[in-house]
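Listed below, chain by chain, are the residues.
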Amino acid sequence: MIKILLLSALFSHAAEAPSQFQKDAALFQAKCAKCHTVGRGDRVGPDLKGLSERREKAWIIGFITKTDQYLNDDPEAKKLLAKFNGVRMENTGMSEAQANALLGYIDAASKGPVGPEEEPEPAVEDPASKVRMPEEARGPWLPGVAAALLLLALAAAAWQFGFAVPAALVLALAAGAGYWSLGGRRYHRLLGDQQGFAPAQPIAYSHATHAGKLKIDCLYCHYGAARSDVAGVPPVSVCMNCHNAVRKSAGAAEPSAEIAKVVAAWETRLSSAPRAIEWTRIHDLPDFVHFSHRSHVSNDIRCQECHGPVQDMARVRQASSLSMGWCVNCHRQQKAVAPSHWKRTGGPLDCAACHW
Ligand code: HEC
Ligand code: HEC
Ligand code: HEC
Ligand code: HEC
Ligand code: HEC
Ligand code: HEC
C-alpha cells in the first residue's frame, strides 16, 4: 500500500512545460514505440525512419487513422502485412490531427540530432558529491560517538541504582553504537544498497589508465552496449590486441605483474582447461527489471550519465543507485537534456516497459 502511494507521488510530480516536439514525441512513446523505432531497426513493425520518402502523406495518414480498413483492402498495406508475418498493427485510435503530429515527429527524428555535433565535456568527478563506499568512511562519526557516550552514562547510572539487567542491556547498546561510529560502519551496509560498490578485481585493471589516459573508446571494449541489452565485459582476446606487445606500465623497468596475469589467462586458451578472467560483477539489477543498453546508448545517452566518470576511476565504482526512482526520474526528464541532443525524449513510464 505504502509502495503504491509512493509510486503515485513519484508519477504525479509535475514536470516543466514540454515543447511541441516533446509532446509529439511523448505521444509516439505512448502509442507507437512498443512496436516501432525511428532509425533503430524493425521491432514488431517496420523502422519508421525516412517514412515520408517512401510513402505518400495521404497514405500514411490514412494508414494510421484507419489501420484495419487499410490492412484489409489496400494492396500496399497487405504487402506490408505479409512481410511482417501477418502481425497486424493494432487500431491506435488516432485522429487525423494526431496522425499529422506523429508524422511530424517521425520526419524530425528521421533527420537525427541537429545542432553542435561536438562531444559534451565528459563529466568530471566532483570530490564533494563523490559516492563514498563504506570502506572509505574515515574517522569517528561524531553523532554516533555522542550517542554511545550518553548510553554509557545511562548504563553507569542504572548500575549505580542497582538495575543490573537494564544496565547490561544499555551497556551492550553503547558498545554497539561505539563500534559502529568508531569504524565498524566501514564493514557493513544496508541490504540491497549497492551504490558505491567497488569490489577489488582479480586483475588491477584501471579505467583511469585505459579510458582516461589512453582514451580508448568505451565501445571498443564494451561493444555490446551499442548492439544489445548487455554491455558485456571484453574477453581476454581484446586485451591481447595491445598486451601482446605491451608488457610494462609506462616508465616501469620491469614487466608488470598485473599484465602478466592477463597474458597467463590468454595462454590457457589452447589448453584443455581454458580460463577466462573472473571479473566481479558490479552493476546488477534484480531479475524482474528489464534494462537495455542499446535503446539508451543509441539514443545518445552517454555512459557517464549513468555510470559516472568511469574514465577517472582506477577501480570501477557503482555511481548511481539503480533504483526505480532513478530510472523514472530520468525518464520524466528531470535532468537537463544535453543541448546537442534535442532528439532525446523522455523514456517510458509504463510499468510494463520495465517489468515484463
Ligand atoms: C501492436 C504493434 C503496433 C503498434 C502499437 C503500432 N504499429 Fe504501426 N505497424 C505495425 C506493424 C506490424 C506494421 C506492418 C503492417 C502490419 O503487419 O500490420 C506497422 C506499419 C506501420 C506503418 C507503415 C510503415 C511503412 O513502412 O510503410 C506506419 C506508418 C505505422 N505503422 C505507424 C504507426 C504509428 C504512427 C503508430 C502509433 C500511433 C503505430 N504504427 C503503432 C505494428 C504496430
Ligand atoms: C580496454 C578495455 C576497456 C575500456 C576501453 C573500457 N572498459 Fe569498462 N571494463 C573493462 C573491464 C575489463 C571491466 C571489468 C573489470 C572492472 O570492473 O574494472 C570493465 C568494467 C566496467 C564497468 C562495470 C561493469 C560491472 O560489472 O558492473 C562499467 C560500468 C564500465 N566498465 C564502463 C566503462 C566506460 C563508461 C568506459 C569508457 C569511459 C569503459 N568502461 C571503457 C574494460 C574496458
Ligand atoms: C588499445 C590498447 C590496450 C588495450 C585494448 C588494453 N590495454 Fe591494458 N594497457 C595498455 C597500455 C598502453 C598500458 C600501459 C599504460 C601506462 O602504464 O600508462 C596498459 C596497462 C595495463 C595494465 C597495467 C596497470 C596499469 O593500469 O598501468 C593492466 C593490468 C592492463 N593494462 C590490463 C588490461 C586488460 C585486462 C585489458 C583488457 C580488458 C587491457 N589492458 C586492454 C593498452 C591496452
Ligand atoms: C541509462 C543508463 C545507462 C547508460 C547510458 C549506460 N549504462 Fe551500463 N548499465 C546500466 C545499468 C542499469 C546496468 C545494470 C544492468 C543489469 O543489471 O541488467 C548497467 C551495466 C553495465 C555493465 C555491466 C553489466 C553488463 O550489462 O554487461 C557494463 C560493462 C556497462 N553497463 C557499461 C556501459 C557502457 C560502456 C556504457 C556506454 C556505452 C553504458 N554502460 C551506458 C545503465 C546504463
Ligand atoms: C539518463 C537518463 C535515463 C536513465 C537513468 C534511464 N533511462 Fe531508460 N530511457 C531513457 C530515454 C531518454 C529513453 C527513450 C529512448 C528512446 O527514445 O527509445 C529510455 C528508454 C527506456 C526503455 C524503452 C526503450 C526500448 O527498449 O524500447 C526502457 C525499457 C528503459 N528506458 C528502462 C530503463 C530502466 C529499467 C532504467 C533504470 C535501471 C532506465 N531506463 C534508466 C533515459 C534514461
Ligand atoms: C523506467 C523503469 C521502471 C518503470 C517505468 C517502473 N519500474 Fe518498478 N522498478 C524498476 C527498477 C529498476 C526496480 C528495482 C529497484 C530496486 O531494486 O531498488 C523496480 C522495482 C519495483 C518494485 C519492487 C520494489 C522493491 O523494493 O522490491 C515494484 C513493486 C515495482 N517496481 C512496481 C512498479 C510499478 C507498479 C510501476 C508502474 C507504475 C513501475 N514499477 C514502473 C524500474 C521501473
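Residues numbered from 1 in each chain as written. Chains lettered and ligands numbered in written order. Predicted model: local features only at pLDDT ≥ 70, side-chain atom pairs only at ≥ 80, totals over all residues. Heavy atoms only, no water.

## Points about the coordination of the iron atom of ligand 3
Listed as protein donors to the iron atom of ligand 3 are His 210 (NE2) and His 243 (NE2); their distances from the metal cover 1.9 to 2.0 Å. Taken together, the 6 donor atoms surrounding the iron atom of ligand 3 define angles of 85 to 179° at the centre, an arrangement classified as octahedral. Taken together, the residues His 210 in helix 10 (residues 207-213) and His 243 in helix 13 (residues 236-243) connect sequence positions 33 residues apart. Accessibility expressed as a relative area gives 18% for His 210, which makes it buried. Exposure remark for His 243: the relative accessible area of 13% places this residue in the buried category. (Donors = N, O, S within 2.8 Å, 3.2 Å for Na, K, Ca; no water. Tetrahedral: all angles 85-135°; square planar, octahedral: opposite > 155°, others 65-115°. Helix = DSSP H or I, 4+ residues; strand = E, 2+ residues; numbered from the N terminus. Buried < 20%, exposed > 50% of the residue type's maximum accessible area, 1.4 Å probe, protein only.)

## Details of the packing of aromatic side chains
This structure, assessed with the given rule, holds 5 aromatic pairs. Measuring from centroid to centroid gives 5.0 Å for Trp 59 and Phe 63, while their planes differ by 10°, and the two rings are stacked. Taken together, the positions of Trp 59 and Phe 63, both in helix 4 (residues 57-65) and 4 residues apart, correspond to about one turn of that helix. For Trp 59, a relative accessible area of 14% gives the class buried. By relative accessible area, Phe 63 is classed as buried at 10%. Centroid distance Trp 59 to Tyr 70: 6.0 Å. Interplanar angle 80°. Geometry classified as edge-to-face. With Trp 59 in helix 4 and Tyr 70 in helix 5 (residues 67-73), this pair connects stretches of sequence that are 11 residues apart. (Phe/Tyr/Trp six-rings, centres within 6.5 Å; stacked < 30°, edge-to-face > 60°.)

## So, the packing of helix 4 against helix 7 (residues 96-110)
Where helix 4 meets helix 7, the closest approach of the two axes is 9 Å, and the angle between their N-to-C directions is 120°. One way to sum up the angle between helix 4 and helix 7 is to call them oblique. Here helix 4 runs over helix 7; the crossing is right-handed. Listed contacts from helix 7 to Lys 57, Ile 60, Ile 61, Ile 64 and Thr 65 of helix 4 are Glu 96, Ala 99, Asn 100 and Leu 103. Tallied by class, residues from the contact of helix 4 with helix 7 come to 5 nonpolar, 2 polar and 2 charged. (Axes fitted to C-alpha atoms, helices over the stretch in contact; angles between N-to-C directions. Parallel < 35°, antiparallel > 145°, perpendicular 65-115°, else oblique. Left-handed = near helix turned anticlockwise from the far one by under 90°. Contact = heavy atoms within 4.5 Å. Nonpolar A, V, L, I, M, F, W, Y, C, P; charged D, E, K, R; others polar.)

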